[in-house]
Amino acid sequence: MNTRPAIGLFGGTFDPVHFGHLRAASEAKEKLGLEDFRLLPVGKPAHRSQTYATAEHRLAMLRLAVAEHPDISVDSREVRRSGVSYMVDTLAEIRIESGVETAIILIVGQDAAHGLTSWCRWKELFDYAHLVVMTRPESPDNFPHELEDFVRERRAGQVTDLYQSPAGLLLDLEVTQLAISSTAIRGDVAAARSPRFLLPDRILGYIGFHSLYRQNPLPPKQK
Ligand code: ATP
């Protein structure tokens, strides 16, 4: 029995959202026992020079993806906020809204966790939230030294540990990692190949209707 309220946040560019994200989100939600589970599209990412679809389109696609799944919501605050989106600001805002007792659980993939030390004021993330890292097979197993040193004392052994405090721990969580990436989907669309069955049909329809990703200025990166 979990002792405190908790919020799960799954952040990403979702450019576009696909079944890899959705399956991982669903499993993470279930395994973490979260009732309040939010997909959090980054507005203007600090880590990439660009997104391919506008924040409004990425948000609209996310909303379509979960329209029939009311247990998963979309938190649009970063899209609504002007300027570069920093996760630490977002978490500070959600902490104020949710109060000091609520466990805030930020869920990221292994690839994102590996880049964590380049995030703005990254150590402060742990003042506001727990971090759950979803394993992704093709990424190296060890975190960079700086992150490993920082989290050594903060490792949680199991999900229930996250409910003992509102923030500050890191937990590895195994979830199914489907071999799907937004990069590959954008590459398919740009090359006039069909990415069907990699993402919900209604999102494919949205991409077609709005002529998204037809121009893909960068080659798809290998994942
Ligand atoms: P891109 O190819 O543009 O880099 P992406 O497919 O990796 O995009 P993001 O929006 O960057 O998607 O990812 C958001 C979060 O979802 C990240 O934490 C990432 O690790 C995770 N993620 C992405 N693809 C998958 C997948 N296939 N299975 C599980 N998690 C994933």
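It should be noted that the structure appears before, not after, this text.
Residues numbered from 1 in each chain as written. Predicted model: local features only at pLDDT ≥ 70, side-chain atom pairs only at ≥ 80, totals over all residues. Heavy atoms only, no water.

I tried to follow helix α10 (residues 201-209) on my own but got confused; where do I start?
Owing to its 3.6 residues per turn, the α-helix brings residues three or four apart onto one side. Along α10, the residues that are buried comprise I203, Y206 and I207. Buried residues of α10, viewed axially, fall in a sector of 100°; they line one side. Counted as exposed and oriented over 90 degrees from the buried face of α10: D201 and F209. Buried residues belonging to α10 abut α2 (55-66) and α9 (182-190). At the exit of α10 stands S211, carrying a positive phi of roughly 50°. (Buried < 20%, exposed > 50% of the residue type's maximum accessible area, 1.4 Å probe, protein only. Helix = DSSP H or I, 4+ residues; strand = E, 2+ residues; numbered from the N terminus. Arc of directions from axis to C-beta. Contact = heavy atoms within 4.5 Å.)

How do you make sense of the packing of aromatic side chains when you look at a structure like this?
Any aromatic ring pair is given by two values, namely how distant the centres are and how the planes are angled relative to each other. All told, the structure shown has 3 aromatic pairs when counted by the stated rule. Seen in terms of ring centroids, W122 and F150 are 5.0 Å apart; in terms of plane orientation they differ by 70°. Their pairing is edge-to-face. Placement of the pair is W122 in the loop between α5 (110-114) and α6 (125-128) and F150 in helix α7 (residues 145-151), with a sequence separation of 28 residues. Chaining the aromatic ring pairs together yields one cluster made of W122, F126 and F150. (Phe/Tyr/Trp six-rings, centres within 6.5 Å; stacked < 30°, edge-to-face > 60°.)

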